[in-house]
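Structural description and commentary
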Amino acid sequence: MAEETNPPVPTGENAADPAAGPSKKAAKKAEAKAKKEALKAQRAAERVAVVSADNDAGEDPAKDFYGPATEALLKSFSTDAEDVSLRAINDSHVGKTVIIRAWLQNTRMQGAKMAFVELREEGNWAIQGIVTATADPKPEGDSSPVISRRMVKWAGAVNPESFVTVEATVQKPFAPVKSCRVTDFELHISKLYVISPAPATLGMTLAAANRAVTNFSDEEVKPEEGAQEKETEGGPPAASMLTHLDNIVMHKRSPVQQAIADIRVEVKHLFRSYLREHGFKEFEPPCLIGAASEGGANVFAMPYFSQKAYLAQSPQFYKQFEIAGGRKRVFSIGPVFRAENSNTPRHMTEFTGLDMEMEIRKDYSEVLHTLEGVLLHIFRGIQKHCAAEVELIRSVYPSPEILLPEPGKEVRLTFAEAQKLLREEGPEEFRNVRDDEDMSTPQEKALGALVREKYKTDFFAVDKFPEAARPFYAKVDPNSKPNEPVTNAFDMFLRGQEILSGGERICDPDELEARIRFKGVDPTSPGIKEYIGVFREAGVPPHGGGGIGLDRVVAWYLALPSVHLAAYYPRTPKRLLP
């Protein structure tokens, strides 16, 4: 049992009468305490009155620190503030004043005194900013900005995707900011100006623009059929490709599209740098030509003063003219136009071609190996230099890791071997594919799946295409069977889809003219006559080359559902805008 404790014994004036009340000393303490509490309440009320005065028609003490940007306001930035980009912020900036120019991508109010904003620069480079009302009057001599409730309220109401500039102090957050790419720093904003406001309602939100496109039709679809935006499980609505292109600004602002564009730029750089290192010279073929050079109907014609002009279907003839003109190795990067009424995820009426041509010293396999080398250089370069971009794209468009052959173990099948593989191990519908007919798209995809499973690679070449599947300038293999002629020509595939066609060209004018006639083309027709004439002007060495579709390389490397996503401004039979 616990020991009982006796209560304290009263002493002093009230010792004889405990019920007489508190002592005079205690009463004085209580009175002093009450006065202190009253003073605190009065001061608190005064502070509330100061920050609440913003809601009245009176002067806002922070009026010069926010609002539409003017030349005078922008000149008010602190002279010691550093103009920085989000990707450059590091520990050395903590506690320092910086100036940021960015899009305001999101806002969130936290009561009446605090607003959270997200500021974004290129791609997904975003940082959290905080605007907090200052409750106490500033000490004398403190020139830092007063942030009013009115400023906080205004900041929280800025329309998303407005372009703003802010002055802020860089600080460390209490915990990493998971919603932004810049996770270890935040901005304590003291000035916020809108340079260019966004409309209250966007045609497509950034969240929708950064979701996977699910409908690639160019046809107008009624809203109730879901052509504009439809809800997707576990996130914001997704938009059709039609909606994306009709809202091109938001389409291009989305981090996933900027990542695709960055990879596209890297592919061009890798193509150019590899060929330059291997002795190739760049040249510029024309886009306007005087004849439908390769024949056929898939060419765009237009008036050209007193005559007719055409958009080039390929730089093929001009690559060969460069070789005939004394160059050993050449390449070009430029637009290619095809008037094909093909409304598929694989086709566009304008695309970018990566083309090369080279002199052959011994055998056309030199061309195959060079093109194989440049493509593998591109793929490995993407892996090395664009890992962050690939990861971001895969978060929107999931895909398996690409498999590439080890050096010296590249997969090269003849066309006959590829067809045999399809007949013996492919799906049932390909049991009877023939060796003298070109491959269909379903055949290519099925072959890609078989090669991936059998050889553990997503990249391979198919050589010795049948003569019927190649243009008139393709060199027929002199060793092929007379009744089954094949060419010294090849295609290269990535994830089961063709990305390159190439091979040896005919350099003898008589042989070339005979092949042109055999293909049913008049050798005296405009464009063709001049083409043959180049080979009669002087001796032309054996040569070969290939053409790579840049858009397809990017799209199929990333396993995108459509090549249109890899183009800056896709052109299809039904779309000429924007």
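Residues numbered from 1 in each chain as written. Predicted model: local features only at pLDDT ≥ 70, side-chain atom pairs only at ≥ 80, totals over all residues. Heavy atoms only, no water.

Going by what an unreviewed UniProt entry lists, the chain is known as Probable aspartate--tRNA ligase, cytoplasmic and is assigned to Trichoderma arundinaceum. On record in UniProt, under Catalytic activity (unreviewed entry), the comment for the chain is "tRNA(Asp) + L-aspartate + ATP = L-aspartyl-tRNA(Asp) + AMP + diphosphate". (UniProt positions renumbered as here; feature names shortened; annotations may be inferred.)

What the chain contains, in helices and strands, is 15 helices and 20 strands. The buried share among the 578 residues of the chain stands at 45%. Of the contacts made within the chain by residues no fewer than 6 positions apart, 68% connect residues no fewer than 24 positions apart. Accessible area of the chain: about 29900 Å², with a carbon and sulfur share of 52%. (Helix = DSSP H or I, 4+ residues; strand = E, 2+ residues; numbered from the N terminus. Buried < 20%, exposed > 50% of the residue type's maximum accessible area, 1.4 Å probe, protein only. Contact = heavy atoms within 4.5 Å. Areas by Shrake-Rupley, 256 points an atom, 1.4 Å probe, with all protein chains shown as cover.)

Here eight strands make up an open sheet; going across it, the order is S10-S14-S15-S20-S19-S18-S17-S16 and the pairing mixed. At either margin of the open sheet sits one strand with a lone partner, and together these are strand S10 (281-282) and strand S16 (412-414). Pairing of strand S15 (residues 350-359) with strand S20 (residues 543-549), which is carried by seven bridges, proceeds in the antiparallel orientation. In the strand pairing of S20, Asp355 is matched with Gly547. Across the sheet, helix H9 (residues 365-385) lies against S15, S16, strand S17 (459-463), strand S18 (489-494), strand S19 (497-504) and S20, angled at about 15° from S18, the strand it touches most. (Pairing = 2+ DSSP bridges. Axes fitted to C-alpha atoms, helices over the stretch in contact; angles between N-to-C directions.)

Right, let's get into the pairing of S18. Counting buried positions along S18 yields six of six residues, so the element is predominantly enclosed. Residues Ala489, Asp491 and Phe493 point to one face of S18 and Phe490, Met492 and Leu494 to the other, with burial holding for every one of them. With five bridges joining them, S17 and S18 adopt antiparallel strand pairing. Along S18, the bridge assignment pairs Ala461 with Met492. In this sheet, S19 lies alongside S18 in antiparallel orientation, the contact comprising six bridges. Within S19, the residue paired with Met492 across the bridge is Leu500. Joining the antiparallel neighbours S18 and S19 is a turn of two residues, in which Arg495 adopts a positive phi near 50°.

Let us look at empty space enclosed by the protein. Taken as a whole and judged by the stated rule, the model has one cavity of 30 Å³ or more. By volume, the largest cavity is sized at about 40 Å³. Every residue along the wall of the largest cavity is listed here: Phe216, Asp218, Met241, Leu245, His564, Pro570, Thr572 and Arg575. Grouping the amino acids of the lining of the largest cavity by side-chain chemistry returns four nonpolar, two polar and two charged. (1 Å grid on protein atoms, 1.4 Å probe; cavity = no way out; pocket = protein on both sides within 12 Å on 5 of 7 lines; lining within 4 Å. Points joined across faces, edges and corners; volume = space filled by probe spheres on them. Nonpolar A, V, L, I, M, F, W, Y, C, P; charged D, E, K, R; others polar.)

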